[in-house]
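# Structure assessment
This is what each chain is made of:
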Amino acid sequence: MSKPIKVLFSFFLVIFFIAMVSKESALAKNGIRVILYGNPIQEKHSPIMKNNTVLVPFKGIFEKLGFNVSYDSASKTISGQKTGTTIKLVINQNTAWINDTPTILQVAPQIIDGATFVPLRFIGEASRLEVKWYGDSQIVSLYSKQNLSGITRREIWLY
């Protein structure tokens with residue numbers, strides 16, 4: 001191979017690696033994003049992934065879903081209640097209750113950096129919402145079962 005071709009090849013190889021690192025950095029910087037009814041949710045504490053489960057701050061998601069929230073510090077029980085639905089979870093326990101019916105969670109609610117985090121899919125489905133994970137863009141979309149559209153590819157890039 002001639003020297004100019006080697007230089008050109010090396011140049012394109014370096015550009016390729018820079019682009020890949022930039023993409024990974026952008027994904028790491030943006031982290032997991034939650035879209036509720038087509039609108040992004042911004043919280044003080046970002047969602048996190050534990051054992052393939054997205055956890056979100058308890059109070060914010062419950063209030064955005066229309067629940068009245070409470071916390072019993074003695075039993076470490078967090079609750080959300082609205083007409084027709086009561087959700088109870090206990091910190092560090094894998095059993096939760098929807099209207100007094102027990103459900104096993106993959107990941108228990110937990111306190112991280114002073115905030116109580118709960119499994120988003122469980123909360124969404126207990127609220128009778130569809131929950132869709134877009135792994136490539138690290139987006140979780142929650143939407144009404146009556147509107148099964150979720151979010152479009154174009155919308156993913158907007159967030």
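In what follows, the structure referred to is the one given above.
Here's a quick rundown of the structure.

With that out of the way, let us pick up the overall build of the protein. In terms of regular secondary structure, the protein is built from four helices and 13 strands. Looking at the protein residue by residue over its 159 residues, the buried ones come to 36%. In the protein, once contacts between residues fewer than 6 apart in sequence are set aside, the share between residues at least 24 apart is 40%. For the protein, the accessible area works out to roughly 10,200 Å², and carbon and sulfur atoms hold 55% of it.

This part takes up the side chain of threonine 77. Relative to the elements of secondary structure, threonine 77 occurs in strand E6 (residues 77-82). Within the structure, threonine 77 has its side chain in polar contact with the side chain of serine 75 (distance 2.8 Å).

Right, let's get into the sheet that holds strand E3 (residues 48-50). The antiparallel open sheet is built from four strands, whose spatial order is E3-E4-E11-E10. Only two strands of the sheet have a single neighbouring strand rather than two, namely E3 and strand E10 (110-112). Ignoring which end each strand starts from, the neighbouring axes of this sheet average 45 degrees apart. Of the strand pairs in this sheet, E3 and strand E4 (residues 53-57) are connected by three bridges, and their pairing is antiparallel. When the bridges of E4 are listed, lysine 50 appears paired with threonine 53.

Parameters and conventions
- Residues numbered from 1 in each chain as written.
- Predicted model: local features only at pLDDT ≥ 70, side-chain atom pairs only at ≥ 80, totals over all residues.
- Heavy atoms only, no water.
- Helix = DSSP H or I, 4+ residues; strand = E, 2+ residues; numbered from the N terminus.
- Buried < 20%, exposed > 50% of the residue type's maximum accessible area, 1.4 Å probe, protein only.
- Contact = heavy atoms within 4.5 Å.
- Areas by Shrake-Rupley, 256 points an atom, 1.4 Å probe, with all protein chains shown as cover.
- Polar contact = N/O pair within 3.5 Å; in protein donor to acceptor, adjacent residues only side chain to side chain.
- Pairing = 2+ DSSP bridges.
- Axes fitted to C-alpha atoms, helices over the stretch in contact; angles between N-to-C directions.

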